[in-house]
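Single-letter residue listing:
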Amino acid sequence: MSCVTPGFRGRTKILFAFVDSRRLKPAARTLEFIPMSVARVCNPCVSPVENRCHIAKWDRVLLNALIILATLATPGRGNDWPSWRGPEQTGMTRERAPVTSWSTDGENLVWKVPVGGRTTPIVMDGRLYAITPTGENKHLGERVICLDADTGQTLWEHKFNVFHTDIVEARLGWTAVVGDPETGNVYAHGTGGELFCLSRDGKVLWKQSLGETFARYSGYGGRLQTPIVDEDRLIISYVYILSNWNTGKRKSGHRYVAFNKHTGQVEWWSQPGGKPFDTTYSTPVITVINGRRLLIAGNADGHVYGMSARTGERIWSFKLAKRGLNTSVVVDGKYVYVTHSEENHSTTEMGSVVCLDGSKVGDITDSGVVWRHDGITAGYSSPALANGRLYTVTNSANLLCFDARTGKQYWKHKLGRVMKGSPVVTADGVIYAGEVNGRFLILRDAGDHCEELDVEQFAPRGETVVDINGSPIVANGRVYFMTAYDTYCLGTGERLSQAVTIPPLAPEIAVDSSRPATLHVVPMDVILAPGQQLSFVAKFFDANGRALGTGEAKWSVHGVAGAFIKPGLFVPASDHTYSAGVVRAEAQGLTGEARVRISPPLPIQESFDGMALGTQPPGWIGVDLRTEIIEKDGSRVLHKMAKSPSAPYSRMRSFSGSPVTAGYTVQADLLASPRAGRRPVLSDMGLINSRYKLILLGYEKRLRLVSYSPIPRVQVEEPYEWNGDAWYRAKISVDLQGDTALVRGKVWLREQPEPADWMIQMIDPNPNREGSPGLYAYSKGTRPGKPGSSVFFDNYQVTRNE
């Protein structure tokens, strides 16, 4: 542990050598402290000869205090790379380039392992983590894998299935994991919508099913969001559609959700923008501008938003494009850099590179623009910011270098044909980049031009290109990157120790704490069973979003069935029925709300007769705007409308509650009304059980059992002649049998007796072990202004298998 002489003026670098008890290896870290503070701490042990402090002479309390200070001052340990754009969220490393040449034959190749995918790995505490596809055919899925960063040895993997998505096999595992240096935990967002918190050793500490619980929509192109860690929050965004919390706020959007990183509890959610144009993969960044801690991100509505990192409150917006934004912003001080390749909002040109002054951006068009270059289509790769320069790659793989302050373009260099990953730049101006068509490049910024140092072209495997879709990373004297087939670690024979300084964010400004500006009810989004008690708390924040603690409030209930039996303690009604709404807290002139839905446990019997006409089942996911309760054939039923031909509205995957362990049966009555015309058209309709679907196919007149439809991973079909305007009763049962699942289905005319035998069944050797029950429909025959074939549901039941 090195110190400096008291009285040294200016900012001081101090190198601490800590011993990590989990690895029993020293980890170097450089911090910056104000000299007066250093003098007070180090003066007792300053050596007049070598100016050294020896750990053995330190009081344990004082050492612990220094470790705490070090943790606060740096977002990572040593030179780790704990998130996809690095410890400073800029695609820059403060290390010098570990290598400037290498070869697949062995030059500067430390290790190579057959772990491939589309992602960007992270390195934290001596371990490399990544999310990748795994298995094939019926065993196809995803995994979070952990490798020893020094050797490439697999330490553990956590596998999970893919479900309820239209994303195809070739685009699995495209998000990146994020690590939390404070706890050692790793977080992953799977294609099926599961959000995992994993311990350093691969144990699942908590998880959320974003699709089944929060209405996440995935689309088919693979554009999903990577989470980030900020303080005690895990923050992720997603496009969502059509949930019903009975709050009167009925619109789809791009939502940001902050989960408690320790428990998975929802701390806040925010929907700062309008209707999403696309699914996107822009990852937020955290910074401090004007003394306020901000979360800044590109949005699916074409805007860039600055939000309070601790509350989600929208602070400012910048309207940039007419489609969604995919690239992540980078920030330097108050300057925010963003790129895209869609049509500009203010011009007809496609694409732009923009520098914003984050202290001046408001909701006025073009406010805060420092410089911009329209006509540059940089919509896939996120920019990198290093050494006062901004590096961005166009969709056609041209690497451009700009002066970050003035926007002056220094040079342009052709990398290949297509670029999806993002470049990484070192402190000495070396650039690492992977091009989609199997080229890995090492370049140097030579000032007024770009110099190629090394280009490796991976040979095709048969007729298949060895593509590179993720980004390289630099950590602790090593370069890591992933191709479709392998993960590589580059470095010299002896790791070069490089002590780097990670400057802290700008200081936050405290404002008058006697007058809170924001009140939040936490948890802000919950699902409860009838009679299940939950304590809510009122949290207060100042005008800059700084937490002021909890306090007393006046509590009330709106829409959801239940009551507060004492301040903050909510008890839902004991009725075995669905309910949804909000609980509200009021204090000091402020109001905060939390969404609550009540979902009864199994067994469930829902006839819809108790629901109001023109409404939707309260608390169900995937039903709002495209369903309604109507009268039909003497009873109230759920009507799946067929008014819009767009895919998000045509297909309905509705979920009636949270995921439950497999081993239950779903049953309901179904009817499809043909679309009138020369050729009658019937929609598809069916049931959902444990992430399997039983579907009556309208065109094909067949029964289908399936999970993960785009492949499909598992699927069987049987012929079944069925007609429109007739009520059928369908049943799907899932039974776990050791390492397999038995999935069975049957359908019959409602007025006839139930068949004794199952009509269709399959064995899944890689079973879904849980999932939400629900209803399925896909509307067909819909045209603009002309409704298609409607589907109706009645007498919905979910029962536990004996």
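Quick notes on the rules
- Residues numbered from 1 in each chain as written.
- Predicted model: local features only at pLDDT ≥ 70, side-chain atom pairs only at ≥ 80, totals over all residues.
- Heavy atoms only, no water.
- Helix = DSSP H or I, 4+ residues; strand = E, 2+ residues; numbered from the N terminus.
- Buried < 20%, exposed > 50% of the residue type's maximum accessible area, 1.4 Å probe, protein only.
- Contact = heavy atoms within 4.5 Å.
- Salt bridge = Lys/Arg side-chain N within 4 Å of Asp/Glu carboxyl O.
- Core = buried A, V, L, I, M, F, W, Y, C linked by side-chain atoms within 4.5 Å.
- Polar contact = N/O pair within 3.5 Å; in protein donor to acceptor, adjacent residues only side chain to side chain.
- Pairing = 2+ DSSP bridges.
- Phe/Tyr/Trp six-rings, centres within 6.5 Å; stacked < 30°, edge-to-face > 60°.
- Lys, Arg positive; Asp, Glu negative; His and termini not counted.

(A) Summary view of the overall build of the chain. From N to C terminus, the chain includes four helices and 60 strands. Taking all 802 residues of the chain together, 60% fall into the buried category. The long-range fraction of contacts in the chain, counting pairs at least 24 apart against all pairs at least 6 apart in sequence, stands at 60%.

(B) Fine view of the pattern of salt bridges. The final tally for this structure, using the stated rule, is 42 salt bridges. The partner of Arg691 in a salt bridge is Glu212, with the nearest N and O atoms 2.7 Å apart. In this pair, Arg691 sits in the loop between β51 (684-689) and β52 (692-697) while Glu212 sits in helix α3 (residues 210-214), placing the two residues 479 residues apart along the sequence. Measuring nitrogen to oxygen at the nearest pair gives 2.7 Å for the salt bridge that ties Arg310 to Glu508. Of this pair, Arg310 sits in the loop between β18 (303-308) and β19 (314-319) while Glu508 sits in the loop between β34 (487-490) and β35 (518-522), and the two are 198 residues apart along the sequence. Several salt bridges converge on common partners, so that one network encompasses Asp230, Glu231, Arg233, Arg293, Arg310, Glu508 and Arg546.

(C) Region of the structure containing the nonpolar core. Counting residues in hydrophobic clusters, the biggest one holds 42 residues, and the most contacted among them are Leu775 and Tyr796. With 34 residues, the next largest nonpolar core counts Tyr187, Phe214, Ala215 and Tyr776 among its residues.

(D) Region of the structure containing the environment of Arg691. Residue Arg691 is classed as buried on the basis of its relative accessible area, which comes to 5%. Once you skip the residues sitting within four places of it in the chain, Arg691 turns out to touch Phe163, His164, Glu194, Ser209, Glu212, Pro659, Val706, Ser707, Asn768, Glu770 and Gly771.

(E) Examining unusual backbone geometry more closely. Backbone torsion omega between Leu602 and Pro603 reads 0°, so that peptide bond is classified as cis. Within the fold, Pro603 resides in the loop between β44 (590-598) and β45 (604-606). Cis geometry marks the peptide bond from Ile711 to Pro712, where omega comes out at -10°. Here Asn108, not a glycine, exhibits a phi torsion of approximately 55°, which is positive. Its location among the elements puts Asn108 in the loop between α2 (60-73) and β3 (109-113). Despite not being glycine, Asp633 has its phi angle at roughly 55°, a positive value. Structurally, the position occupied by Asp633 is in the loop between β46 (627-632) and β47 (635-640). The class of Asp633 is exposed, set by a relative accessible area of 56%.

(F) View of the environment of Glu606. Inspection of the secondary structure assignment puts Glu606 in strand β45. Along the sequence, Glu606 and Gln797 sit 191 residues apart, while their C-alpha atoms lie 6.3 Å from each other. Residues within four places of Glu606 in sequence aside, it is in contact with Tyr578, Met611, Asn795 and Tyr796. Reaching out from Glu606, the side chain makes a polar contact with the backbone nitrogen of Phe608 at a distance of 2.8 Å.

(G) A look at the pairing of strand β16 (residues 285-289). Most of β16 sits inside the fold, with five of its five residues counted as buried. Where β16 and strand β17 (residues 292-298) come together, five bridges link them in antiparallel fashion. The partner of Val288 across the bridge, within β17, is Arg293. Hairpin remark: β16 followed by β17, antiparallel, with two residues in the connecting loop; positive phi at Asn290, about 55°.

(H) Molecular detail of the packing of aromatic side chains. This structure, assessed with the given rule, holds 27 aromatic pairs. Plain terms: the ring middles of Trp174 and Tyr281 are 6.1 Å apart, the flat faces sit at 35° to each other, and that makes the pair tilted. On the criterion of sequence distance, the pair formed by Trp174 in the loop between β7 (154-160) and β8 (178-179) and Tyr281 in the loop between β15 (266-270) and β16 is long-range, its members being 107 residues apart. Judged by relative accessible area, Trp174 falls into the buried class, the value being 17%. A relative accessible area of 19% means that Tyr281 is categorised as buried. Taking 5.2 Å as the distance between ring centres and 40° as the angle between the ring planes, the aromatic pair formed by Trp555 and Phe564 counts as tilted.

(I) Molecular detail of the side chain of Arg255. Of note, Arg255 is situated in strand β14 (residues 253-260). This buried residue, Arg255, is left without a salt bridge; Asp525 holds the nearest opposite charge, at 4.9 Å. Reaching out from Arg255, the side chain makes a polar contact with the side chain of Tyr240 at a distance of 2.9 Å. At a separation of 3.4 Å, a polar atom in the side chain of Arg255 contacts the side chain of Gln271. Not counting residues up to four positions away in its chain, the partners in contact with Arg255 are Ile236, Ser237, Tyr238, Tyr240, Trp269, Ser270, Gln271 and Arg595.

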